[in-house]
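Here is how the chains run, residue by residue.
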Amino acid sequence: MKRTKIVDALKKIDFGEDICVKGWVRTRRGNKNVSFIELNDGSTVHNIQIVADNNKLGIDFLKPITTGACIGVTGKLAQSLGKGQSVEIQAEDIVIYGTADPETYPLQKKEHTMEFLREIAHLRPRTNTFGAVFRIRHHMAMAIHTFFHERGFFYFHTPIITGSDCEGAGQLFQVTTLNLSDLPKAENGCIDYSNDFFGKQTGLTVSGQLEGELGALALGAIYTFGPTFRAENSNTPRHLSEFWMIEPEVAFNELEENMQLAEDFVKYCVRWVLEKCSDDLEFLNNRYDPELIDRLKFVIENDFVRLTYSEGIKILEDAMAKGQKFEFPVGWGIDLQSEHERYLVEKHFKKPVILTDYPKNIKAFYMKLNDDGKTVRAMDVLFPKIGEIIGGSQREDDYEKLKARAKEMEVPDKDIWWYLETRQFGNAPHSGFGLGFERFLLFVTGMSNIRDVIPFPRTPKNADF
Ligand code: 4AD
Ligand code: MG
């Protein structure tokens, strides 16, 4: 018999019909005569109740059906008299696909800590929490593709192995097939990469932006959505060594339009999760974060506040004068820390904030220089609980200025000659940004650690599973 997903079975009302469901046992309880099995197949956070007659199916046969076992059930759909569910299945036949010894199966009914669940990342998708988070993760990916597709953007695939460090922060993971215990040296003592697989030094991408710009200057509007790698030794609840980034890039857009695109984009995705993931959101709201749904609604109902970095610094300095304490110093020119960003968002404005026009020295070489010669047309979108979720800018489109900035920031011409050339051939103003997918998922799910919104997190000293 054809299998019905539990999400669909729970909506059925044709009681008395035969039905087949398959999934993993969450719990089994009962008495001498009857067993009640809570079954979940990952299609929804809700379980379906299976009622099994011990005498009919055999008490010995039912015995191995414990928490974690995988079974298939055929039976009749019935209206449930029990509390908390509307339908149940009166089992006629059960197939046991796989048992799970209660002595050794790590996931028991009791609540486990998030830290413990990270150690069993191979099993944690079977919990209600991670089921909800990963279903939402899928929905957000669909929302992102739909948003851009509906607006005529093209999904542009940028390389994962690259020779250029786009952000210039020296966080590239190296990719090599050289024998690490016997590295070929050139005459000057440096490693001779001409014998390496690509004939040059390469690494994993820290951003698809530079190649994305090439796409935008041909197709008009593109976005990337791919894995991104940063060998940044930051053990924080907001940093991963491998994360996913979405990077739209639009020809002819200036900073204002870039900000509007970012705001529309984020709101579209939040609206999507509220509409399409209400069961999972309610679960997370009740279990972890009673303000989650209100916070999501608040974001779509309010305009993001826009101000310059200099204005932001002024607010922080005024706050300090009135007694506000920060761990890190504040002053014009600093790279804002998460505590500063969160002060602006959570305490001062109580709304998402877009900060613009940062000092050029703390931003990447490709950002458009303002007339003051000190600041660049950068924008960071700051969110409650997280801080920066988006970083972007209008791009420097003046060939000479771009070349000079690259030189100042020690980005070698030989790595980006092709990027520089776009400013010589059919150049155009253009802008874009990058949304950290997992940072955004932290916001959308209310989880507090970025390791808990990606199935298999990679962080310093951790690449298990
Ligand atoms: O601000 P970033 O470094 O900007 C760029 O990479 C630009 N090339 C984007 C562009 O203009 N096309 O990174 C963008 C976003 C950050 O705002 C943050 O949300 C996320 O990527 N991010 C990380 N997320 C998780 N772990 C990390 N280590 C992250 N580093 C950045
Ligand atoms: Mg940034």
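In this text, all values refer to a predicted model and were calculated from it rather than measured experimentally.

Describe the pairing of strand β3 (residues 48-53), and please don't skip the residues or the numbers.
With five of six residues buried, β3 lies mostly within the body of the structure. Pairing of strand β2 (residues 34-40) with β3, which is carried by six bridges, proceeds in the antiparallel orientation. Among the inter-strand pairings, L39 is bridged to a residue of β3, identified as I48.

Quick one: what's the story with the side chain of Q394, residue by residue and with numbers?
Locating Q394 in the fold gives a position in strand β15 (residues 387-394). Judged by its relative accessible area of 4%, Q394 is buried. Within the structure, Q394 has its side chain in polar contact with the backbone nitrogen of L255 (distance 3.1 Å). Excluding its chain neighbours within four sequence positions, the residues that come into contact with Q394 are E254, L255, Y366, M367, K368, R377, P429, H430 and S431.

Outline the sheet that holds β15, supporting the account with residue identities and numerical values.
The strand order across the open sheet built from eight strands is β6-β10-β11-β16-β15-β14-β13-β12, with neighbouring strands paired in mixed fashion. Looking at the sheet topology across the chains shown, the edges are occupied by β6 (154-155) and β12 (305-308). Judged from the six bridges that link them, strand β14 (residues 375-383) and β15 form a sheet pairing that is antiparallel. The partner of A378 across the bridge, within β15, is S393. Together, β6, β10 (221-229), β11 (242-251) and β16 (430-436) form the strand contacts of helix α6 (residues 209-219), whose direction differs from that of β11 by roughly 30 degrees. With respect to the sheet, helix α11 (residues 338-349) is in contact with β12, β13 (353-359), β14 and β15, its orientation differing from that of β13 by roughly 140 degrees.

Now, about the sheet that holds strand β9 (residues 202-204): what can you tell me, with residues and values included?
The strands that make up a sheet pair up through hydrogen bonds in the backbone, lying either parallel or antiparallel. The antiparallel open sheet is built from three strands, whose spatial order is β7-β9-β8. The outermost strands of the open sheet, each flanked by one partner alone, are β7 (161-162) and β8 (174-175). Sheet analysis places β8 next to β9, joined by two bridges and oriented antiparallel. Its bridge partner lying in β9, V175 is registered against T202.

Can you lay out the domain arrangement of the chain for me, pointing to particular residues and giving the numbers?
Domain annotation for the chain reports domain 1 (6-98) and domain 2 (125-171 + 206-452). Just the C-alpha atoms count here: the centres of domain 1 and domain 2 sit 45 Å apart. At the interface, nine residues of domain 1 touch seven residues of domain 2. Summed over the shared surface of domain 1 and domain 2, the number is zero salt bridges. Counting across the interface, domain 1 meets domain 2 through four residue pairs in polar contact (both at pLDDT 80 or more). Partitioned by chemical class, the residues of the side of domain 1 that touches domain 2 number two nonpolar, six polar and one charged.

Can you break down the packing of helix α8 (residues 278-287) against helix α9 (residues 292-301) residue by residue, with the values?
Between α8 and α9, whose axes approach to 8 Å, the crossing angle comes to 120 degrees. Relative to α9, the element α8 lies oblique. Judged by residue contacts, L281, E282, L284 and N285 of α8 engage L292, I293 and L296 from α9. Of the residues belonging to the contact of α8 with α9, the class tally is five nonpolar, one polar and one charged.

Please set out the pairing of β12 residue by residue, giving values where relevant.
In β12, alternate side chains face the same way, and those of V305 and L307 are buried while those of R306 and T308 on the opposite face are not. Relative to β13, β12 runs parallel, the two being bridged by four bridges. Each bridged residue has a counterpart across the sheet, and for R306 the counterpart in β13 is I354.

Conventions adopted
Each chain carries its own residue numbering, running from 1 in the written order of its sequence. All chains are assigned letters beginning at A, and all ligands numbers beginning at 1, according to the order in which they are written. Residues qualify for local features only when their pLDDT is at least 70, as the model is predicted, and side-chain atom pairs are given and counted only at 80 or more; totals for whole chains, interfaces and linings, by contrast, use all residues. Hydrogen atoms and water are omitted, and side-chain values are computed over all heavy atoms in the structure. Partly exposed residues are those whose accessible area sits between 20% and 50% of the maximum for their type, while under 20% is buried and over 50% is exposed, using a 1.4 Å probe and protein chains only. In DSSP terms, a helix is any run of H or I states spanning at least four residues, a strand is any run of E spanning at least two, and both are numbered starting from the N terminus. Here the rule is simple: two strands pair whenever DSSP picks up at least two bridges between them. In protein, a polar contact means a hydrogen-donor-capable atom and an acceptor-capable atom, both N or O and within 3.5 Å, with residues adjacent in sequence counting only if both atoms are side-chain atoms; elsewhere, any N or O pair within 3.5 Å suffices. Contacts were defined at the residue level, with two residues in contact if any of their heavy atoms lie within 4.5 Å. Throughout, an axis means a line fitted to C-alpha atoms (over the contacting stretch in the case of helices), and angles, computed between N-to-C directions, take values from 0 to 180 degrees. How far each domain reaches was decided by an automatic or database domain assignment. Think of a salt bridge as a Lys or Arg side-chain nitrogen and an Asp or Glu carboxyl oxygen that are within 4 Å of each other. All residues other than Ala, Val, Leu, Ile, Met, Phe, Trp, Tyr, Cys, Pro, Asp, Glu, Lys and Arg, Gly among them, are scored as polar; the first ten of these are nonpolar and the last four charged. Angles below 35 degrees are treated as roughly parallel, those above 145 as roughly antiparallel, those between 65 and 115 as roughly perpendicular, and all remaining angles as oblique.

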